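Geometric and topological summary
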Number of protein chains: 2
Amino acid sequence: MSGQYIEDLIKIIAKFPSLGTRSARRIVLHLLKKRETQIPQLIKALEDVYTNIKVCEVCGNYDTESPCSICSSSTRDGNVLCVVEGISDLWALERGGLYRGRYHILGGVLSAIEGVTPEDLNIDKLIKRIEEEEIAEVILALPATVDGQITIHYISSLLKDKEVKITTLAQGIPVGGELDYMDDGTIKLAFDLRKQI
Amino acid sequence: MSGQYIEDLIKIIAKFPSLGTRSARRIVLHLLKKRETQIPQLIKALEDVYTNIKVCEVCGNYDTESPCSICSSSTRDGNVLCVVEGISDLWALERGGLYRGRYHILGGVLSAIEGVTPEDLNIDKLIKRIEEEEIAEVILALPATVDGQITIHYISSLLKDKEVKITTLAQGIPVGGELDYMDDGTIKLAFDLRKQI
């Protein structure tokens, strides 16, 4: 093969999520093809992220400063707290641009199979924030999976004595969803939760 | 969103072959999760490739030296030259480990649709090598596509007056291939080229 350096780079890239050796090889060949511009550009972007990105000590978001721009923004509603599983969910909600409150990153959901216990999640900090900040509503925007629902149940049981409104996201048929393609569970749920128009 | 630096890195990675914004986001989150170890490791591997990898001036392969380790190897057969479309084909043949001759990277195949002409390919250098080196056989290991076959035809017409054996790879049913899943063209070809056992 053509040098250990190329092999090493392929091995690192092949471990990225959703990639394998074959796609890593194609990416490395793509980088090598215009390497004078592409490799320095990628190195620069990685260095920028490495030196500048911190974890927000309040909510767990990534940003150049801590507290992050969402936590420190004066235009965002400090009374509403949206609890999400991970940063990618925060990004998804921010892309939507509808939510104007703050976030709390849980860092996962409870899972008996994967051995995720309450101690592994950012739950203590969440309770503390609800006690210390003037939170009126906690939106538990966790995944609509069994583990997600168990986590919602667990967190709401911890909060039952506190004076805070607890909500979860609506479930049902997604926009544009055809009944034909929906699983039975979603159809049953959408039926049970049907609304009068 | 959480900082322009993350966005910039996502944009660069999203342009890699077979990736898009969604997979780039997952890769960047994966890198950020263990960034103390993962990002410096990736930067180091990229820098190593950037500073050490050259294009071999003889065959067009990537290596730490030019001529590359294959061209300068004394244990490889200098009389056989295998012409391939790109480096990934060279890698595929080297993984097989059966071929012990040298290579010539064409840098593509002729294509009327994509406007690839003989001048865009490494053909002049190939002819020169065949004249100057003592090449007994040229294996045109080009893709079994229309463009690949046209390129094979073009190169062999250039070489018809030279005293060199020209071969191409065998075509037919691949190992483990079930007739049921083969296209009609392959079945027809395998029938026409059938061999007595």
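Residues numbered from 1 in each chain as written. Chains lettered and ligands numbered in written order. Predicted model: local features only at pLDDT ≥ 70, side-chain atom pairs only at ≥ 80, totals over all residues. Heavy atoms only, no water.

Considering the nonpolar core
How we decide: We define the nonpolar core as a collection of buried residues of types Ala, Val, Leu, Ile, Met, Phe, Trp, Tyr and Cys that are connected through side-chain atoms lying within 4.5 Å of one another. The cut-offs for exposure are 20% and 50% of the maximum accessible area for each residue type, with area from a 1.4 Å probe on protein chains only; residues under the lower value are buried, those over the upper are exposed, and the others partly exposed. Any two residues having at least one pair of non-hydrogen atoms within 4.5 Å are treated as being in contact.
Counting 76 residues, the largest nonpolar core has A:I13, A:L42, A:L46, B:I13, B:L42 and B:L46 as its most contacted members. With near-sequence residues (within four places) excluded, B:I13 lies in contact with A:L42, B:L19, B:A24, B:I27 and B:V28.

Points about the pairing of strand β6 (residues 165–168) of chain A
All names here are of chain A. Quick note on the threshold: Strands pair, by our definition, only if DSSP identifies at least two bridges between them. Strands here mean DSSP runs of E at least two residues long; helices mean DSSP runs of H or I at least four residues long; both are numbered from the N terminus. Viewed with both strands pointing away, a crossover whose connecting path from the first strand over the helix to the second turns clockwise is right-handed.
Bridging between strand β5 (residues 137–141) and β6 involves 4 bridges; their strand directions are parallel. The residue bridging I139 from the neighbouring strand is T167, located in β6. Regarding topology, helix α7 (residues 146–158) serves as the crossover connection from β5 to the parallel β6, and that connection is right-handed.

Topic: the domain arrangement of chain A
Convention followed: The domain limits used here are those given by an automatic or database domain assignment.
Here chain A is partitioned into domain 1 (2–18 + 26–52) and domain 2 (77–168). Taking only C-alpha atoms into account, the centre of domain 1 of chain A sits 36 Å from that of domain 2 of chain A.

Observations concerning the sheet that holds strand β3 (residues 77–84) of chain A
Residues and elements named next belong to chain A. Note the cut-off: Axis angles are defined between N-to-C directions and span 0 to 180 degrees, where every axis is a line fitted to C-alpha atoms and, for a helix, only to the segment in contact.
Within the open sheet, the 4 strands sit side by side as β4-β3-β5-β6. Their pairing is parallel. Since the sheet does not close on itself, it has two edges, and those belong to β4 (101–105) and β6, each with one partner. Pairs of neighbouring strands in the sheet enclose a mean axial angle of 25°, with direction left out of account. Relative to β5, β3 is paired through 5 bridges, and the arrangement is parallel. Bridge pairing in β5 places V80 opposite E137. Here helix α5 (residues 87–96) sits on the sheet and contacts β3 and β4; the angle it forms with β4, its principal contact strand, is near 160°. Together, β3, β4 and β5 form the strand contacts of helix α6 (residues 123–132), whose direction differs from that of β4 by roughly 155°.

Thoughts on the side chain of B:R102
Residue and element names in this part refer to chain B. Short version of the rule: Positive charges are assigned to Lys and Arg, negative charges to Asp and Glu, while His and the chain termini are left out of the count. A pair is scored as a salt bridge if a Lys or Arg side-chain nitrogen falls within 4 Å of a carboxyl oxygen belonging to Asp or Glu. Between N or O atoms, a polar contact is any pair within 3.5 Å; within protein, one atom must be a potential hydrogen donor and the other a potential acceptor, and residues adjacent in sequence are included only when both atoms are from side chains.
Mapping R102 onto the fold places it in strand β4 (residues 102–105). Among buried charged residues, R102 stands out as having no salt bridge; its nearest opposite-charge side chain is E133, 5.1 Å away. Here the side chain of R102 touches I70 through a polar contact of 3.5 Å, landing on its backbone oxygen. R102 has contacts with I70, C71, S73, R76, D77, G78, V80, L81, C82 and R129, leaving out every residue within four places of it along the chain.

Some remarks on the packing of aromatic side chains
All names here are of chain A. Put simply, the test is: Whether two aromatic rings pair depends on their centres lying within 6.5 Å, for rings of Phe, Tyr and Trp, where Trp uses its six-membered ring; planes under 30 degrees apart make the pair stacked, over 60 edge-to-face, and the rest tilted.
Scanning all chains against the criterion turns up 2 aromatic pairs over all chains. Relative to Y103, the ring of Y99 has its centre 5.1 Å away and its plane inclined at 65°; by these criteria the two rings are edge-to-face. Just as Y99 is buried, Y103 falls in that class too.

Regarding the confidence of the model for chain A
Residue and element names in this part refer to chain A. This is how it is decided: A score between 0 and 100, pLDDT records how confident the predictor is in each residue.
A residue-level look at chain A finds 99% of positions with pLDDT of 70 or above and a mean pLDDT of 92. Of all helices and strands in chain A, the one with the weakest mean pLDDT is helix α8 (residues 184–192) (85), whereas β4 scores best (96). In the model output, the complex is listed with pTM 0.82 alongside ipTM 0.83.

Details of the sheet that holds strand β3 (residues 80–84) of chain B
Residues and elements named next belong to chain B. A sheet is described by the order of its strands in space; here 4 strands give the open sequence β4-β3-β5-β6, paired in parallel fashion. Looking along the sheet, the strands with just one partner apiece sit at the ends: β4 and β6 (165–168). Across the sheet, the axes of successive neighbouring strands diverge by a mean angle of 25°, strand direction being ignored. Relative to β4, β3 runs parallel, the two sharing 4 bridges. What sits directly across from C82, in β4, is Y103. Helix α5 (residues 87–96) contacts β3 and β4 of the sheet and is inclined by roughly 160° relative to β4.

Thoughts on the interface of chain B and chain A
To keep it simple, the criterion reads: Once two parts are joined, some of their accessible surface, as seen by a 1.4 Å probe, is lost; buried area is that loss totalled over both. When residue character is reported, Ala, Val, Leu, Ile, Met, Phe, Trp, Tyr, Cys and Pro are called nonpolar, Asp, Glu, Lys and Arg charged, and the others, Gly included, polar.
If you look at the interface, chain B gives 49 residues, while chain A gives 49 residues. Summed over both sides, the interface between chain B and chain A buries roughly 5,000 Å², with carbon and sulfur atoms accounting for 76% of that surface. It is B:Y5, B:Y50 and B:W91 in chain B that bury the most area against chain A; as a group they hold 15% of the surface buried on that side. For the pair chain B and chain A, the interface holds 2 residue pairs in polar contact (both at pLDDT 80 or more). Elements that contribute at least two residues to the side of chain B that touches chain A include exactly α1 (4–14), α2 (21–33), α3 (35–52), β1 (54–55), β2 (62–63) and α5 of chain B. No other element matches α3(B), which puts 14 residues into the side of chain B that touches chain A. The residue inventory of the side of chain B that touches chain A, partitioned by class, reads 27 nonpolar, 11 polar and 11 charged.

Describing the packing of helix α1 (residues 4–14) of chain A against helix α2 (residues 21–33) of chain A
Residue and element names in this part refer to chain A. Where we set the bar: Roughly parallel means an angle under 35 degrees; roughly antiparallel, over 145; roughly perpendicular, 65 to 115; everything else is oblique. Note on convention: near helix rotated counterclockwise from far helix by under a right angle means a left-handed crossing. Clockwise means right-handed.
At a minimum axis separation of 8 Å, α1 and α2 run at an interaxial angle of 125°. The angle between α1 and α2 falls in the class oblique. When the axes of α1 and α2 are compared, the crossing they make is right-handed. Note on element contacts: α2 touches α1 through T21, A24, R25, I27, V28 and L32, opposite I6, L9, I10, I13 and A14.

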